[in-house]
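Listed below are the residues making up each chain.
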Amino acid sequence: MSRIDETRSFVPVGIAVLTVSDTRSIAEDRSGDTLVARIEEAGHVLKERAIVTDDIPAIREQVLKWSKRADIDVIISTGGTGFTGRDVTPDALEPIFEKRMDGFSEVFHRISYDKIGTSTIQSRATGGVVNATFVFVLPGSPGACKDAWDGILKLQLDYRHMPCNFVEIMPRLDEHLKRGAATARPAQ
C-alpha cells in the first residue's frame, strides 16, 4: 500500500517550471505560481522558471536546454494541452520523449474526472523522459496544476514514498545510454 517511509530521508530535487502562453506574463501566471508554491512547500528546489509562447520550436528548445542541465531533475510545463490551434505543448514534447509515461496521463484524468467530470477529456496532459529528465505536461489552469501536483507529483517526487517513487530511479534514467544500447535514441 502507498505510504511514506519515515525512516528514509527526504531528498530534494531540482525542478524547472515552464508556462506556455501567448498572453500571460510571470506577474499574471497563476498556474506557474501554484506549482512554484507547491514545489517549495514540499522542500524541492525551483531551479528555473520561464514563459514561452505557444510555439513548437520555442517550447522544445526550452525543455531541451533545461533537460541538459545536471541540476534540473524534473520539468513541469503548464498550458497548451487542449485542442485549439494554439495548443501545441504535447505536439512539441512527445516527439522528443525517450520514454512516454502513459500512466501519468491516465492517473491525471482519473483525478481530474472526480473534479470536472467529462471535461477532463479536453486535456492532452502527458509525461515522459527527455535526456534523463522527467517532463510533465499539464493544462494551464491552477486547478489542473493542483490536481497533478497534489495527486501525483508530490508523492512520486518524494523519495520516502513507498512502494516506489521517481527519485529512486533518477540515477538510472540514462543507463541505456551508458551501456551503448543499439536502440538508444540520441539526445536531441
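Refer to the preceding data block for the structure.
This text gives an overview of the structure that appears in the document. (Residues numbered from 1 in each chain as written. Predicted model: local features only at pLDDT ≥ 70, side-chain atom pairs only at ≥ 80, totals over all residues. Heavy atoms only, no water.)

Points about the nonpolar core
Grouped together as the largest cluster of nonpolar side chains are 28 residues, with contacts concentrated most on Val-74, Ile-76, Phe-134 and Phe-136. Where this core is concerned, the elements lending two or more residues are β2 (14–20), α1 (30–42), β4 (74–78), α4 (102–116), β7 (133–138), α5 (142–156) and α6 (166–169). In terms of residues, this core owes the most to one element, α5, which gives six residues. Residues in contact with Ile-76, not counting those within four places in the same chain, are Ile-15, Ala-16, Val-17, Leu-18, Leu-35, Ile-39, Phe-136, Leu-138, Trp-149 and Leu-153. Counting residues in each nonpolar core, the second largest holds 19 residues, with Ala-16, Val-20, Ala-92 and Ile-96 among its members. (Core = buried A, V, L, I, M, F, W, Y, C linked by side-chain atoms within 4.5 Å. Buried < 20%, exposed > 50% of the residue type's maximum accessible area, 1.4 Å probe, protein only. Helix = DSSP H or I, 4+ residues; strand = E, 2+ residues; numbered from the N terminus. Contact = heavy atoms within 4.5 Å.)

A few points about the sheet that holds strand β5 (residues 99–100)
Strand order across the open sheet formed by six strands is β3-β2-β4-β7-β6-β5, with mixed pairing between neighbours. Each having just a single partner strand, β3 (45–52) and β5 make up the two edges of the open sheet. Pairing of β2 with β4 involves five bridges; the strand directions are parallel. Looking across to β4, one finds that Leu-18 is bridged to Ser-77. Helix-sheet contacts for α1 involve β2, β3, β4 and β7, and the interaxial angle to β3 is about 170°. (Pairing = 2+ DSSP bridges. Axes fitted to C-alpha atoms, helices over the stretch in contact; angles between N-to-C directions.)

Remarks on α4
Along an α-helix, residues three or four apart share an orientation, since each turn contains 3.6 residues. Its 15 residues place the ends of α4 21 Å apart at the C-alpha level, agreeing with the 21 Å of an ideal helix rising 1.5 Å per residue. Considered for burial, the residues of α4 that qualify are Phe-104, Ser-105, Phe-108, His-109, Ile-111 and Ser-112. Next to the buried residues of α4 lie β6 (126–130), β7 and α5. (Expected span 1.5 Å × (residues − 1).)

Describing α5
Here α5 is 15 residues long and its end C-alpha atoms lie 20 Å apart, about the 21 Å a rise of 1.5 Å per residue gives. Where α5 is concerned, the buried positions are Pro-142, Ala-144, Cys-145, Asp-147, Ala-148, Trp-149, Ile-152, Leu-153 and Gln-156.

Describing the layout of surface pockets
Considered as a void within the structure, the second largest pocket measures approximately 190 Å³ in volume. Lining the second largest pocket are 13 residues, with Ser-112, Ile-116, Pro-139, Ser-141 and Ala-144 positioned closest to its centre. Among the elements of the structure, α4 and α5 are those that each provide at least two residues to the lining of the second largest pocket. The element that contributes the greatest number of residues to the lining of the second largest pocket is α4, accounting for four residues. Among the residues forming the lining of the second largest pocket, the class breakdown is four nonpolar, seven polar and two charged. (1 Å grid on protein atoms, 1.4 Å probe; cavity = no way out; pocket = protein on both sides within 12 Å on 5 of 7 lines; lining within 4 Å. Points joined across faces, edges and corners; volume = space filled by probe spheres on them. Nonpolar A, V, L, I, M, F, W, Y, C, P; charged D, E, K, R; others polar.)

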